[in-house]
Amino acid sequence: MSARRRAGEPAGAAARCTVTVCRGCCCGTPKVPGLDHAAQLARLRRSLEGLAQVRVTDCLDACEHANVVVVQPSAQGRRAGGRPVWLGLVNDSDATDDIATWSAAGGPGLAAPSDILDLYVFTPSRRIRQALED
């Protein structure tokens, strides 16, 4: 895999995946009890500072899987075959740590997630996937 940047790609972007955290009508609210939602987001941001982009979005329309986190590949990861990975029911600190570790290592296409993250993976409808990728 080449570490060279493509034209128009910011420095460091080639190896930085994006972690999108849903904080809509269900995710990040008291509808998902027993989790400090603000601490979860702060933990991801702190763990991934300078390693991956962490962004918050409104409802991803996959409420039955709250809390939802989507790990999108970097440009380099996408060229290596990585695709966005949707994770649902991310309601404990161990899952949050596993997501941070995987994302810091490069995320989809560049690093293998821990085996336990397979339990969180789900496939949203095509309409929802397209909305996030646009």
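Residues numbered from 1 in each chain as written. Predicted model: local features only at pLDDT ≥ 70, side-chain atom pairs only at ≥ 80, totals over all residues. Heavy atoms only, no water.

## With respect to the sheet that holds strand β2 (residues 53–57)
Consideration 1: Taken in spatial order, the five strands of this open sheet run β2-β1-β3-β4-β5, and their pairing is mixed. Looking along the sheet, the strands with just one partner apiece sit at the ends: β2 and β5 (121–122).
Consideration 2: The strands touched by helix α1 (residues 37–48) within the sheet are β1 (18–22) and β2, with β2 carrying the most contacts at an inclination of about 155°.
Consideration 3: Seen against the sheet, helix α3 (residues 93–104) touches β1, β3 (69–72) and β4 (85–87) and runs at an angle of roughly 10° to β3. (Pairing = 2+ DSSP bridges. Helix = DSSP H or I, 4+ residues; strand = E, 2+ residues; numbered from the N terminus. Contact = heavy atoms within 4.5 Å. Axes fitted to C-alpha atoms, helices over the stretch in contact; angles between N-to-C directions.)

## Section: the packing of α1 against α3
Consideration 1: At a closest axis distance of 10 Å, the pairing of α1 and α3 adopts a crossing angle of 25°. In terms of orientation, α1 lies roughly parallel with respect to α3. As for how α1 packs across α3, the hand of that crossing is right-handed. Where α1 approaches α3, its residues Q40, R43, L44, S47 and L48 are matched on the opposing element by S93, T96, D97, I99, A100, S103 and A104.
Consideration 2: Its residues placed into classes, the contact of α1 with α3 shows five nonpolar, five polar and two charged. (Parallel < 35°, antiparallel > 145°, perpendicular 65-115°, else oblique. Left-handed = near helix turned anticlockwise from the far one by under 90°. Nonpolar A, V, L, I, M, F, W, Y, C, P; charged D, E, K, R; others polar.)

## Here we look at the pairing of β2
Consideration 1: One ladder, built from five bridges, connects β1 with β2; its direction is parallel. Within β2, the residue paired with T18 across the bridge is Q53.
Consideration 2: Read as a crossover between parallel neighbours, the route from β1 over α1 to β2 is right-handed. (Right-handed = clockwise from strand over helix to strand, strands pointing away.)

## Regarding the environment of L117
Consideration 1: In this fold, L117 is placed in the loop between α3 and β5.
Consideration 2: Apart from the residues lying within four places of it in its own chain, the contact partners of L117 are L87, A95, D98, I99 and W102.

## Describing the confidence of the model for the chain
Consideration 1: Taken as a whole, the chain shows an average pLDDT of 88; of its residues, 87% reach a score of 70 or greater.
Consideration 2: For the chain, helix α4 (residues 126–133) is the element with the lowest average pLDDT, namely 72, and β3 is the one with the highest, namely 98.
Consideration 3: Taken together, the stretch residues 1–12 has pLDDT below 50 and engages in 11 contacts with residues farther than four places along the chain or on a different chain. (pLDDT = per-residue confidence, 0-100.)

## Re the nonpolar core
Consideration 1: Counting 19 residues, the largest nonpolar core has V19, L44, L48, V71, L87, V90 and I99 as the members making the most contacts within it.
Consideration 2: The element best represented in this core is α3, accounting for four residues.
Consideration 3: Beyond its immediate sequence surroundings of up to four residues, L48 is in contact with V19, V54, A100, S103 and A104.
Consideration 4: C27, A66, V68 and I128 belong to the second-largest nonpolar core, a separate cluster that totals 12 residues. (Core = buried A, V, L, I, M, F, W, Y, C linked by side-chain atoms within 4.5 Å. Buried < 20%, exposed > 50% of the residue type's maximum accessible area, 1.4 Å probe, protein only.)

## Points about α3
Consideration 1: With 12 residues, α3 ought to run about 16 Å at 1.5 Å a step, and its terminal C-alpha atoms sit 16 Å apart, in line with that.
Consideration 2: When α3 is considered as a whole, its buried residues turn out to be A95, T96, I99, A100, W102 and S103. Take α3 and look down its axis: the buried residues cluster within an arc of 165°, on one side only. In α3, the exposed positions angled more than 90 degrees off the buried face are occupied by D94 and T101.
Consideration 3: Looking at the buried positions of α3, the neighbouring elements they touch are β1, α1, β3 and β4.
Consideration 4: At the N-terminal boundary of α3, the capping side chain belongs to D92, with an oxygen 3.0 Å from the backbone nitrogen of D94.
Consideration 5: Following α3 by one or two positions, G106 has its phi on the positive side, about 130°. (Expected span 1.5 Å × (residues − 1). Arc of directions from axis to C-beta. Polar contact = N/O pair within 3.5 Å; in protein donor to acceptor, adjacent residues only side chain to side chain.)

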